[in-house]
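This is what each chain is made of:
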Amino acid sequence: MDKIMEQLEGLVAHYEELQEMMADPEVINDTKRYMKVSKEEADLREIVQKYKKYKADKKEIKDNKEIISGENDPDLVEMAKDEDEDLKKEISKLEDQIKILMLPKDPNDDNDIIMEIRGAAGGDEASLFAGDLFRMYEKYAERQGWKTSIIDSEPTEVGGYKRVAIMITGKKVYSKLKYENGAHRVQRIPATESQGRVHTSTATVAVMPEYKQVDIDIDPKDIRVDVYRSSGAGGQHVNKTSSAVRMTHIPTGIVVAMQDQRSQQQNRVKAMQILKSRVYDYYESQHRNKYDEKRKNAVGTGDRSERIRTYNYPQNRVTDHRIGLTINKLDKVMNGDLDEIIDALILYNQTKQLEELADKNA
């Protein structure tokens, strides 16, 4: 903890510098610079406040020691001792909070995301489950005050999705949904099952941060663009114009096809948006795989084929296999009540990181 406290003293000094800069007319008049400074100040505010409270509590304990050792009034001594007990509990709690706040931040945590959900094993039932997962995340996003929009989809005749890609925008979206990567398994009686037998199907979820222009630049020479006529509903507009766009990133072989938008230009913009995220995710996944070989505290590997969770309808049960969490409220989870699962995953990862940090400092 001593090493962390040394770092915190430097953070407090930097935080005070940032506050002075925010009051500087030169910074105020430079909108871009002011926004950058104010964001950094906001990011540091919580940890600085907790550290200042920690120091104030420590000082109070020191003052109480003087009262306990030098005061003749027994009532004052008793009050000081009672206050010490409360302060020690608060200090212990603050230490844990500060340690978590000092953990290395995932640089993508503040990013919006592109989420792709695909029906996998199970035919029509898998596509229906993909649709159920889409609606679950949509409702969760609504609870968080986030916005969702479908940017690409391939619906099935039974009412599900072979695949659906959605953009979710809001505050710290990636930080909460990054653990959803992987294969989700459902156990239930399909509507088409006449014998009442429980079937098992799967759908995969891929969560990719939306990368801005500064994060990744794809060389135009590395992209092949093909345009063609849209298929499906759309009338004469679809039949007479080549509005659909297919983009191929030649070095990785990643292909994005987009025909949901009304014009070729709109499809180009959306296709490029998804392509950038997929290409960046491809390279980041390679980096993560090497990193995870050395780091054992990751919540899963992020591999799309890894089974991470089972949704058992007959028993109204959800089990997250990575952390051994089982809750008997599937109905609420499918209605977007994911907080208990997501909070448990975040806590698990933070605990593992703290253990790793303690081993490193031992």
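Predicted, not measured: the structure shown is a model, and the values here were computed from it. (Residues numbered from 1 in each chain as written. Predicted model: local features only at pLDDT ≥ 70, side-chain atom pairs only at ≥ 80, totals over all residues. Heavy atoms only, no water.)

Colleague: Describe the overall build of the protein chain, with residues and values.
Modeller: From N to C terminus, the protein chain includes ten helices and eleven strands. Look at the contacts in the protein chain between residues 6 or more apart in sequence, and 61% of them connect residues 24 or more apart. Of the roughly 20,700 Å² that the protein chain leaves accessible, carbon and sulfur atoms contribute 48%. (Helix = DSSP H or I, 4+ residues; strand = E, 2+ residues; numbered from the N terminus. Contact = heavy atoms within 4.5 Å. Areas by Shrake-Rupley, 256 points an atom, 1.4 Å probe, with all protein chains shown as cover.)

Colleague: How would you sum up helix α3 (residues 31–70)? Please name residues and give values.
Modeller: A turn of α-helix holds 3.6 residues, and therefore any two residues three or four places apart point the same way. The end-to-end C-alpha separation of α3 is 56 Å, in line with the 58 Å expected for 40 residues at 1.5 Å each. Along α3, the helix axis deviates most sharply at Arg 45, where the bend reaches about 40°. Those residues of α3 that sit buried are Val 37, Glu 41, Leu 44, Ile 47, Val 48, Lys 50, Tyr 51, Tyr 54, Asp 57, Ile 61 and Asn 64. (Expected span 1.5 Å × (residues − 1). Bend = angle between axes of the 7 residues up to and from the residue. Buried < 20%, exposed > 50% of the residue type's maximum accessible area, 1.4 Å probe, protein only.)

Colleague: Can you tell me about the sheet that holds strand β7 (residues 244–249), naming the residues and giving the values?
Modeller: As summarised here, the arrangement of the three strands in space is β6-β7-β8, forming an open sheet in which the pairing is antiparallel. In the strand order of this sheet, the two ends are held by β6 (223–228) and β8 (254–258), each with one partner. On average, each strand axis in the sheet is tilted by 15° relative to the strand beside it, whichever way the strands run. Note: β6 against β7, six bridges, orientation antiparallel. (Pairing = 2+ DSSP bridges. Axes fitted to C-alpha atoms, helices over the stretch in contact; angles between N-to-C directions.)

Colleague: Please set out the pairing of strand β9 (residues 307–312) residue by residue, giving values where relevant.
Modeller: In terms of burial, β9 is largely enclosed, as five of its six residues are buried. Relative to β9, strand β4 (residues 182–188) runs parallel, the two sharing five bridges. From the neighbouring strand, Val 186 faces β9, where its bridge partner is Tyr 311. Where β9 meets strand β10 (residues 317–320), four bridges bridge the pair, whose relative direction is antiparallel. Across the sheet, the residue bridging to Thr 310 is Thr 319, located in β10. Hairpin connection of β9 to β10: four residues between the antiparallel strands, including Asn 316 at a positive phi of 50°.

Colleague: If you had to explain the nonpolar core to someone new, which residues and values would you point to?
Modeller: Residues Met 115, Ile 117, Leu 133, Tyr 137, Leu 177 and Tyr 311 are the most contacted members of the largest nonpolar core, which totals 36 residues. Mapped by element, the contributors of at least two residues to this core are β1 (113–119), α5 (124–144), β3 (161–169), α6 (173–177), β5 (199–209), β11 (325–327), α9 (330–333) and α10 (339–361). Those residues in contact with Ile 117, other than ones at most four positions away along the chain, are Ala 130, Leu 133, Phe 134, Tyr 137, Lys 162, Arg 163, Val 164, Thr 204 and Val 205. (Core = buried A, V, L, I, M, F, W, Y, C linked by side-chain atoms within 4.5 Å.)

Colleague: Outline empty space enclosed by the protein, listing residues and values.
Modeller: Applying the stated criterion across every chain, the model contains one cavity of 30 Å³ or more. Looking at the largest cavity, the residues that line it are Glu 116, Ile 117, Arg 118, Asp 152, Arg 163, Val 164, Ala 165 and Arg 278. Mapped onto the lining of the largest cavity, the elements with two or more residues apiece are β1 and β3. Here the lining of the largest cavity is built from residues that sort into three nonpolar, no polar and five charged. (1 Å grid on protein atoms, 1.4 Å probe; cavity = no way out; pocket = protein on both sides within 12 Å on 5 of 7 lines; lining within 4 Å. Points joined across faces, edges and corners; volume = space filled by probe spheres on them. Nonpolar A, V, L, I, M, F, W, Y, C, P; charged D, E, K, R; others polar.)

Colleague: Give a detailed account of a negative patch on the surface, specifying residues and quantitative values.
Modeller: Together, Glu 60, Asp 73, Asp 75, Glu 78, Asp 82, Glu 83, Glu 85 and Asp 86 give the surface a local cluster of negative charge. Take Glu 78: it is sitting in helix α4 (residues 74–101). (Patch = residues over 30% accessible without salt bridge, like charges linked within 9 Å, V, L, I, M, F, W, Y side chains within 5 Å. Salt bridge = Lys/Arg side-chain N within 4 Å of Asp/Glu carboxyl O. Lys, Arg positive; Asp, Glu negative; His and termini not counted. Charge placed at Lys NZ, Arg CZ, Asp CG, Glu CD.)

Colleague: Talk me through the packing of aromatic side chains; I want residue IDs and the actual numbers.
Modeller: By the definition in use, this model includes four aromatic pairs. Measuring from centroid to centroid gives 6.4 Å for Tyr 51 and Tyr 54, while their planes differ by 20°, and the two rings are stacked. Of the two residues, Tyr 51 and Tyr 54 both sit in helix α3, three residues apart, roughly one turn of that helix. Using a relative accessible area of 8% as the deciding quantity, one classes Tyr 54 as buried. With a centroid separation of 5.7 Å and 75° between ring planes, the pair formed by Phe 134 and Tyr 161 is classed as edge-to-face. Separated by 27 residues along the polypeptide, Phe 134 in helix α5 and Tyr 161 in strand β3 bring together distant segments of the chain. Here Phe 134 matches Tyr 161 in class, with each residue buried. Here Arg 188 stacks its cationic end above the ring of Tyr 313, 4.8 Å away from the centre of that ring. (Phe/Tyr/Trp six-rings, centres within 6.5 Å; stacked < 30°, edge-to-face > 60°. Lys NZ or Arg CZ within 6 Å of the ring centre and 35° of its normal.)

Colleague: Describe α5, and please don't skip the residues or the numbers.
Modeller: For α5, which comprises 21 residues, the first-to-last C-alpha distance of 31 Å matches the rise-based estimate of 30 Å (1.5 Å per residue) to within 8%. At the C-terminal side of α5, Gly 145 shows a positive phi close to 80°.

Colleague: Hey, could you go over a nonpolar patch on the surface for me, with residue numbers and the actual values?
Modeller: Together, Ile 67, Leu 76 and Met 79 line one region of the surface with nonpolar side chains, adding up to about 260 Å² of accessible area. You can see Met 79 is positioned in helix α4.

Colleague: Let's hear about the pairing of β4: which residues, and what values?
Modeller: The side chains of a regular strand alternate, residue by residue, between the two faces of the sheet. Here β4 lies mainly inside the structure; seven of its seven residues are buried. Taken together, the seven bridges between β4 and β5 define a ladder with antiparallel strand orientation. Each residue of the ladder has a partner; that of Arg 185, found in β5, is Thr 202.

Colleague: How would you explain the side chain of Glu 125 if you had to name every residue and give the values?
Modeller: Within the secondary structure, Glu 125 sits in helix α5. Residues within four places of Glu 125 in sequence aside, it is in contact with Val 186, Arg 188, Pro 190 and Ser 201.

Colleague: For the environment of Ser 242, give the residues involved together with the corresponding values.
Modeller: Of note, Ser 242 is situated in the loop between α7 (235–240) and β7. Between the C-alpha atom of Ser 242 and that of Arg 229, which follows or precedes it by 13 residues, the distance is 4.1 Å.

Colleague: Describe the side chain of Glu 41, with residues and values.
Modeller: Note on placement: Glu 41 falls in helix α3. Of the residues examined, Glu 41 reaches a relative accessible area of 5% and is grouped as buried. Excluding anything up to four places from it in sequence, Glu 41 contacts Tyr 15, Leu 18, Gln 19 and Met 22.

Geometry only, nothing functional implied.
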